[in-house]
Each structure stands twice: as structure tokens, then as C-alpha cells.
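# Observations on the model geometry
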Protein chains: 2
Amino acid sequence: MAESKLINPHGSESLKILLLEGNEKAEELKKAETLPKLNLSSRETGDLIMMGIGGFTPLEGFMSHDDWKGVCSEMKMKDGLFWPIPITLSHNEKINPGTELCLVSGDTNEFMGTMKVSESYQIDKKFECKNVFTTDDMEHPGVKMVMEQKDWNIAGTVKVLSESYFPEEFKGIYQRPSESRKIFEEKGWRTIAALQLRNPMHRSHEYLAKIAIEVSDGLYIHQLVGKLKPGDIPADVRVNCINTLVENYFLKEKVVMGGYPLDMRYAGPREGLLHGVFRQNFGCSHMIIGRDHAGVGDYYGPFDAQDSYYKLWDGALECQMLPIDWTFWCYKCGGMASMKTCPHPKEDRLFLSGTALRKALSEGGDIPAEFSRPEVLTVLKDYYATLKEKVEVKMHGHATGDAEVKK
Amino acid sequence: MAESKLINPHGSESLKILLLEGNEKAEELKKAETLPKLNLSSRETGDLIMMGIGGFTPLEGFMSHDDWKGVCSEMKMKDGLFWPIPITLSHNEKINPGTELCLVSGDTNEFMGTMKVSESYQIDKKFECKNVFTTDDMEHPGVKMVMEQKDWNIAGTVKVLSESYFPEEFKGIYQRPSESRKIFEEKGWRTIAALQLRNPMHRSHEYLAKIAIEVSDGLYIHQLVGKLKPGDIPADVRVNCINTLVENYFLKEKVVMGGYPLDMRYAGPREGLLHGVFRQNFGCSHMIIGRDHAGVGDYYGPFDAQDSYYKLWDGALECQMLPIDWTFWCYKCGGMASMKTCPHPKEDRLFLSGTALRKALSEGGDIPAEFSRPEVLTVLKDYYATLKEKVEVKMHGHATGDAEVKK
């Protein structure tokens, strides 16, 4: 109990870092120029960077057929290691084993890494989707991503050459597991709860976060800075909201903030588990799982992600879940509460639908301070105002166009 | 993780229950009448009942010299078992080993149990006090209790015959570990946090309790119904306050309430540890340790009890601490908060000294709802009003007496 050592990375005593630096990197880059090129999707690029910085410890590359199949059907790699979501790379044709490839970002054309092919295989995409997302409905953004993959999965170990634009564009937020671990160690923390964020923090998230702080040494607010589905609040606005909230309502020494480069898969329970796996790699002992974690639409029950943790076999995952119920302001309680702590009827509680919130934000309606801190609302209202300006500019242009047609 | 089994009792796979029932009890009672009698102090009676109901599992009787010494100096019984406070019985003369005794309650003259003496020994009381209470100041109520013990400690295994007046006088509250465990099992709980109470619950305690509920399956509000120092709120008033609070502000299915028959020792950190030991026996996986746990006066630092948990050796105690910082209402936060979660200056926080609270309660001053729930304040004000009446009756009687003298 007196021990101050951080939790080990997943399935390993140390981080498996595949990112090359210095001379090694320079030489590999030179070689990469001579290799056949393979374009990465945005999701694949994020996954590759995570392998580079040790966020996906102990993975050494994109998954083989056996790993893929075990992960889909029973969340186990071939060697028995717990892993909840396939980390795969697709291409439109098979590639001979032994071939070395240069992996290129489809977004930026940057050389992201090299790969030594061990296997090419075809998959039943619907099998993957039904297992991982519990649905093969193309309306599900994660399913769509898988169904649009190319025909062949290419497996093999990788060397990583770049972290892409993340360190620059998300300066001060983007963080490697070695960095978060160093900060936690310097603070003498042992129990750290990770808060996954892909939305601005309102008071319900603040409440989750503060419960976590009350019961652990510190909080790691870990934001997704990869891609989201259209309509979600962009990362820079969100980072701004969260900085403002922490600045005004948290004890700064109890909070560490970081960002990670993955795209959302919206895989609900399975993604909730993946969040535990890589938070462990970032040094966190606990993963906060709230209501509808990593969900989208109505594909998952509000506490499916919590259930997925309860159903894990012993020893699957060292990072423990910190489950928190649905939270809200209750006027009778005179404070934040949850379904586990508040005995009062619905009428006493403050609920605001996403639609009502967006309407109030874009049209300037009132949002109670019990729902969101005024400082955060200011940031969001500014963002919605710029959106509105864009829409107005577009509409104005369009109207002019129409008028021209009418001429 | 999916396992639903409750935590094992301390140092044992099952509760060590020394309370006899039915025929066994009837026969032992008959024998007891023939045995030499030994009077128990109130503290010793409470300890004996705890051994009877399995609350002090795995103890089998009052401690031997080696156990006493190990517990005092390193919190270890002779066999290595962790135990933080001596459980001893004193008498004014030595008793031959092998003697059987009838243990009689000094308060009620009831036959409480029998004991087979294994050893009589004298102790350095100051050594015990300095180790257990960190002081030998006679102003400390726990020290006073030890210093006033008789000259010989009598060790030996016990059989327990009665739970005294507790089951009757604290009907619905007094509870055996087998009963709390049964309730927890029926509820399917696995993680249960124990809240130690010897005072009415104000909002700061409610906040501790609710944090515990948020992060576990349920809360065990476990009240001391043994003796306190003069001036503390009596158990029946306190039980009333807590019932009222739970009734109005908690989800009843998340809370189990129980009472235990010990006297307060005010041993701060050591008593905080004992609280963990016997809560484990009652089936709790976690023990809430807040500010100044089990303290009195200025003998202990506000977080000494938490530190005592951090300093335990691995495997000493299975029941884990749930440490909570100093809590209060913060007007800037607009909610309950603690030193770990609130960044605002003192001026924004609501603090009420015990003196100010007692003054407002007895003189009818205003106490903000952010400090205590109005329903709880009503119960307390009623109690203080009866106190005042008693004082007035006394004063009136005294005045009359004076007047008579003057005649």
C-alpha cells in the first residue's frame, strides 16, 4: 500500500515504443523513400502513432488473421492477451510476405512509418462489425469505417517515423505515455483516474471528474484529438472549454491534461475497454466509465460499457473501471447527484437535451448555471456564433447566386 | 471481477462467533452461576460482545501478554496477525491459570460470558498509552480509560452469553456481522463502503457518504451505540437525525444502517484502523476515513488516520481505505467540495465551528441549509430544547433551594 510505483503498461513491464528517433529514424526515412508506398486512412494513421508512442503497448504492428479473429470473437490475441478492438490495416490487393512497405498518411502524404509484411488476409467485415459494434448497420459511423476498408488486411510489424501534425497542432495537449507517466511519477501519484473526453465538459462531467479526484491521487483528463463524426464539437474548441473549466473550478495540481491521436470508432462497450487498455499505458490505474460511454445513437444501452468491464475475466485488464451513474443537478438535493444518490422525482432534476442545448447556444437562449459553467458557455457561444456567421455567409452567397440565375 | 463474493472476515475464512445460543447457552449460564465473578467495565463489555458476534474475528478472547505487547508496539499479534488496539480485561489481582470465571457487566450485573484464564500479567500503562494514543495525557479520554484500569490484565478464551441491552435498546439499528453480510449478499453487493458515525450527519458527512455510494455498490452507515464522552450527542438522537436524512436525501436501497456496541476510545489513527478491521468483519470492502477520524481534542493531525492506512504493510488489512479530504460547501463552486476539488479561497467556503453550531442549535439561531439539512436541524433543535428544559428545571430547583436557605 505504501508503494508509489505506477501501474505497469498492458501485458508488459515497460512501454513498447515503436517510434524511431535520431539516426535510426534518419536511416529508416532514407530507406522508406525506396520502398513501395501504402496509403493509410485517418484511423490507421492514429493507430500507427499510438503504436509508435507506446499507447498500444504491447502491440508490435497491425494484427494478423489469428489475432484479428480472436480479438473479434473473444477479445483475445492469439497469445491470450486481452485486446478488445482489432487494430488492422487494409489495402486493395494482397502483398507478399517479407515485403517492406512505406506507410504514408492519406491526409498529409507524410511518411508515417515502415512495415514488414507477414501476412495478407481477407475478412468477413460483417463478422467483425457484429462482434465489435454489435451491429452491421451502415448508419453506424464505426461500421461504415470498417465496411469501407479495402479488401485485404495486411499484417506485420511496424517502425514509426512520425507523430504527424499532432505535436504541433495540439501543442500542450498532445502527450506520449512516457510523458504522462513522468508527470504522475513526479507528483508521487499512484492512483490516477482517466476521464475520456470527446465533448466539452458541462457540470455532469465536472461532477464525474471531481468524484474521481476525491477518491484518487489525481485526474487525467485525456482528450481525443483525432477525428470525430460531423457535427461534434471540434477539438480546439473543446480544449478551450476544458481549460476554462479547470482554470476556474478545479485545483490545478490535481489535474493533468493530455490528448491522444485516435479517431473515434463509436464502438461503445468495446471502445470503453480499449480506453482502459491504453489509459493503463498512459499510467492510469482507473478508467472512468459513465453513461453511454463511447456510444453513438441508440446502438448501446447506457451502461453496456460498464457491464463489459464487469464481464471481463480475472487478470484481463489491470486498469480498473471507476463506474459512475447518470449525473445531473437536483434542485431538491441542492447539488449534483446521480441515479445512485438522488431519491427525488424527475421534476426536481435539471435535464437538458443535446438539441435544446445546441439551440440555446446558437440562438442565445439561457442555459442554467446548474447545467454548465458560465465561463464554458461563453466559449461555446463564441464557437456557435462563428458557425452561424459561416452559415450566413454561405446563405448570402447562395441567395446572390439565385438572384443571378433569376436575372 | 464478475465474482459476487463478499470480502472474507479479518484473518479468517469465516466469522469467529463466540456467542452461545440455545442449549449450549443454557448450560453455560447454569455453570456460570457457580463460577467466581469478575466485573467488566463498559469498554470491556462492548469488546466482549463484539467477540461474541464475530465483530472482532478472529479473536478468541482477551489478549495475552505477548499479543498485548506486539499489538502496542507494532500492531501485530504474536502469530503475526495485524491488530491495531489491545483488547484486554483488567482485574485487581492475579488469577491462577486454568480458573474459569463468570464475566459480569458492571453496568447491568448481567452474566455476559465465561472465561478460561490462561495468564495474568501486569503492564506498563504509559507504554500502552504512548503507543496506542501517542500520548499519556490524562485529559485524553482514552488514556484516562487505560490508566484507570485495574492492576492485572487477565487473558483467556471466552464464551459469550449475552449482547446486553443493545438488541432491545437499539432495535432496528444494532446488528451482527452475520446480519449485515446477509443483507449485502441478498442485495448482490460486493463493494461496500462503511461510514463510521458517532455524530449527527450534516452535509459534509452526506457528501462523504454520497461519494462512497457513487463509487461502490452501496453504503453501510455504521453507528457507534456504545458509550461516548460527556457532551457528545446521544445515540438515539443521532440515529433519529440520520434516519431523517436518509429518508429525505438518499436512495434508500443504496444504504444499509447498523449499530455496533463499542465504546469510543478516541485513539485516532489506531482506532481508524480498528474501524477497518471490524468493518471487514461486517462485510465491508472499504472504510471511509475522513478528516480527524476517531480523534479528540488536538491530539492527532487531521489526516493522521489516513496516513496510518498508507503506512500499513502489504496484506495487513484486506478492507481498503476510502480516504476523503476535508469537505464543505463552496459558494463559488455552487456545491459541496473538498480541499482536493475546490480551488477557491476560504471566503467562498462555508465553515461553522462546533461551538457556533451548538450555540445556534440551543439558542435558535439560523444555520444555513448548505451546512445542514433543515429536517436534521429540526431533530437537533428539539433535542437541545429538551436539554435547555432540563437545565432550566435544575436552575429553578436550585433557585428555590437558595430561596429556602434565605428564609
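As the structure is a prediction and not an experimental result, all values here were calculated from the model.

Cut-offs used in this document
- Residues numbered from 1 in each chain as written.
- Chains lettered and ligands numbered in written order.
- Predicted model: local features only at pLDDT ≥ 70, side-chain atom pairs only at ≥ 80, totals over all residues.
- Heavy atoms only, no water.
- Axes fitted to C-alpha atoms, helices over the stretch in contact; angles between N-to-C directions.
- Helix = DSSP H or I, 4+ residues; strand = E, 2+ residues; numbered from the N terminus.
- Parallel < 35°, antiparallel > 145°, perpendicular 65-115°, else oblique.
- Contact = heavy atoms within 4.5 Å.
- Nonpolar A, V, L, I, M, F, W, Y, C, P; charged D, E, K, R; others polar.
- Pairing = 2+ DSSP bridges.
- Phe/Tyr/Trp six-rings, centres within 6.5 Å; stacked < 30°, edge-to-face > 60°.
- Buried < 20%, exposed > 50% of the residue type's maximum accessible area, 1.4 Å probe, protein only.
- Lys NZ or Arg CZ within 6 Å of the ring centre and 35° of its normal.
- Least-squares fit on C-alpha atoms with pLDDT ≥ 70 in both.
- Salt bridge = Lys/Arg side-chain N within 4 Å of Asp/Glu carboxyl O.
- Right-handed = clockwise from strand over helix to strand, strands pointing away.
- Domains from an automatic or database assignment.
- Buried area = accessible area lost by both parts, 1.4 Å probe.
- Polar contact = N/O pair within 3.5 Å; in protein donor to acceptor, adjacent residues only side chain to side chain.

## Some thoughts on the packing of helix H3 (residues 65-74) of chain A against helix H4 (residues 125-132) of chain A
Residue and element names in this part refer to chain A.
- Viewed as axis vectors pointing N to C, H3 and H4 meet at an angle of 40°, and their least axial separation amounts to 8 Å. When the axes of H3 and H4 are compared, the pair comes out oblique. Contact with H3, carried on its side by Trp68, Lys69, Cys72 and Ser73, involves Phe127, Glu128, Asn131 and Val132 of H4 and no other residues of that element.
- Per-class residue counts for the contact of H3 with H4 are four nonpolar, two polar and two charged.

## Regarding the sheet that holds strand S12 (residues 327-330) of chain B
All names here are of chain B.
- If you trace the three strands from one edge of the open sheet to the other, you get S13-S12-S14, paired in antiparallel fashion. Strands with a single pairing partner mark the edges of an open sheet, and in this sheet they are strand S13 (335-338) and strand S14 (349-350).
- Bridge analysis of S12 against S14 gives two bridges, and the strand direction is antiparallel. Directly across from Trp329, in S14, lies its bridge partner Leu350.
- Its contacts with the sheet place helix H8 (residues 203-215) against S12 and S13, and it is angled at close to 75° to S13.

## Overview of the packing of aromatic side chains
- Applying the stated criterion across every chain, the model contains 36 aromatic pairs over all chains.
- On the basis of an interplanar angle of 70° and a centroid distance of 5.3 Å, the ring pair of B:Tyr383 and B:Tyr384 is categorised as edge-to-face. Side by side, B:Tyr383 and B:Tyr384 carry an identical accessibility label, which is buried.
- Taken together, the aromatic side chains of A:Phe56, A:Trp83, A:Phe184, A:Trp189, A:Tyr220, A:Tyr260, A:Phe278 and A:Phe282 make up a single cluster linked through ring pairs.
- Here the guanidinium or amino end of B:Lys210 rests over the ring plane of B:Phe250, the centre of that ring lying 4.9 Å away.
- Sitting over the face of the ring of B:Tyr249, B:Arg373 holds its NZ or CZ atom 3.9 Å from the ring centroid.

## Side note on the relation of the copies chain A and chain B
- Structural alignment of chain A on chain B gives an RMSD of 0.0 Å, achieved by rotating through 180° and translating 0.0 Å along the axis. Those values place the two copies in the arrangement expected of a two-fold rotation axis. Minimal C-alpha separation from the rotation axis in chain A is found for A:Gly335, amounting to 2.7 Å.

## Observations concerning the pattern of salt bridges
All names here are of chain A.
- Evaluated as defined, the whole model comprises 34 salt bridges over all chains.
- Between Asp348 and Lys332 there is a salt bridge, with its nearest N and O atoms 3.5 Å apart. In this pair, Asp348 sits in the loop between strand S13 (335-338) and strand S14 (349-350) while Lys332 sits in the loop between strand S12 (327-330) and S13, placing the two residues 16 residues apart along the sequence.
- What makes Lys332 partly exposed here is its relative accessible area of 47%.
- Residues Lys359 and Glu363 are paired through a salt bridge, measuring 3.5 Å at the closest nitrogen-oxygen approach. On the criterion of helical spacing, the pair formed by Lys359 and Glu363 is a turn pair, its members being four residues apart in helix H12 (residues 354-363).
- Members of the salt-bridge network, linked through shared partners, are Glu28, Lys31, Glu100 and Lys159.

## Side note on the pairing of strand S8 (residues 218-224) of chain A
All names here are of chain A.
- Most of S8 is tucked away, with seven of its seven residues classed as buried.
- Burial of S8 is two-sided: the residues Gly218, Tyr220, His222 and Leu224 facing one way and the residues Leu219, Ile221 and Gln223 facing the other way are all buried.
- As paired strands, strand S7 (residues 192-197) and S8 are joined by six bridges and run parallel to one another. By the bridge assignment for S8, Gln196 is matched with His222.
- A crossover connection joins S7 to the parallel S8 through helix H8 (residues 203-215); in handedness this β-α-β unit is right-handed.

## Here's the deal with the domain arrangement of chain A
Residue and element names in this part refer to chain A.
- Considered domain by domain, chain A is made up of domain 1 (22-164) and domain 2 (170-260 + 266-407).
- Measuring from the centre of the C-alpha atoms in domain 1 to the corresponding centre in domain 2 gives 28 Å.
- Domain 1 puts 28 residues into the contact, and the matching count from domain 2 is 24 residues.
- Taking both sides of the interface into account, the surface hidden between domain 1 and domain 2 amounts to around 2200 Å²; carbon and sulfur atoms contribute 66%.
- Put simply, domain 1 and domain 2 have two salt bridges between them.

## Thoughts on unusual backbone geometry
- Here the bond from A:Thr57 into A:Pro58 is cis, since omega is 10°, no more than 30 degrees from zero.
- Here A:Pro58 lies in the loop between helix H2 (42-53) and strand S2 (61-62).
- Of note in this structure, B:Ser164 is not a glycine but carries a positive phi near 60°.
- A residue is classified by how much of its surface remains accessible, and B:Ser164, at 15% relative accessible area, is buried.
- Unusually for a residue other than glycine, B:Asp292 sits at a positive phi of about 55°.
- Its location among the elements puts B:Asp292 in the loop between strand S10 (286-289) and helix H11 (304-310).

## Brief notes about the sheet that holds strand S11 (residues 320-323) of chain A
Residue and element names in this part refer to chain A.
- Strand order in the open sheet formed by five strands is S9-S8-S7-S10-S11, with parallel pairing between adjacent strands. At either end of the open sheet lies a strand with only one pairing partner, and these are strand S9 (255-260) and S11. On average, adjacent strands in this sheet sit at an angle of 30° to one another, irrespective of strand direction.
- With six bridges connecting them, S8 and S9 associate as parallel partners. When the bridges of S9 are listed, Gln223 appears paired with Gly259.
- Its contacts with the sheet place helix H9 (residues 235-249) against S7, S8 and S9, and it is angled at close to 160° to S8.

## Notes on the packing of H8(A) against H8(B)
- Relative to each other, H8(A) and H8(B) sit at 100°, their axes nearing to 10 Å. One finds that H8(A) runs roughly perpendicular with respect to H8(B). Facing H8(A), whose interface residues are A:Tyr207, A:Ile211, A:Glu214 and A:Val215, H8(B) presents B:Tyr207, B:Ile211, B:Glu214 and B:Val215.
- Per-class residue counts for the contact of H8(A) with H8(B) are six nonpolar, no polar and two charged.

## Topic: the interface of chain A and chain B
- Listed per partner, the contact involves 37 residues of chain A and 37 residues of chain B.
- Carbon and sulfur atoms make up 52% of the surface buried where chain A meets chain B, a total of about 3000 Å² over both sides.
- Counting the contacts that link chain A with chain B gives zero salt bridges.
- The interface formed by chain A and chain B includes 20 residue pairs in polar contact (both at pLDDT 80 or more).
- Only H8, H9, helix H11 (304-310), S11 and S13 of chain A provide two or more residues apiece to the side of chain A that touches chain B.
- Per-element tally for the side of chain A that touches chain B: the top contributor is H8(A), with seven residues.
- Its residues assigned to classes, the side of chain A that touches chain B comprises 21 nonpolar, seven polar and nine charged.

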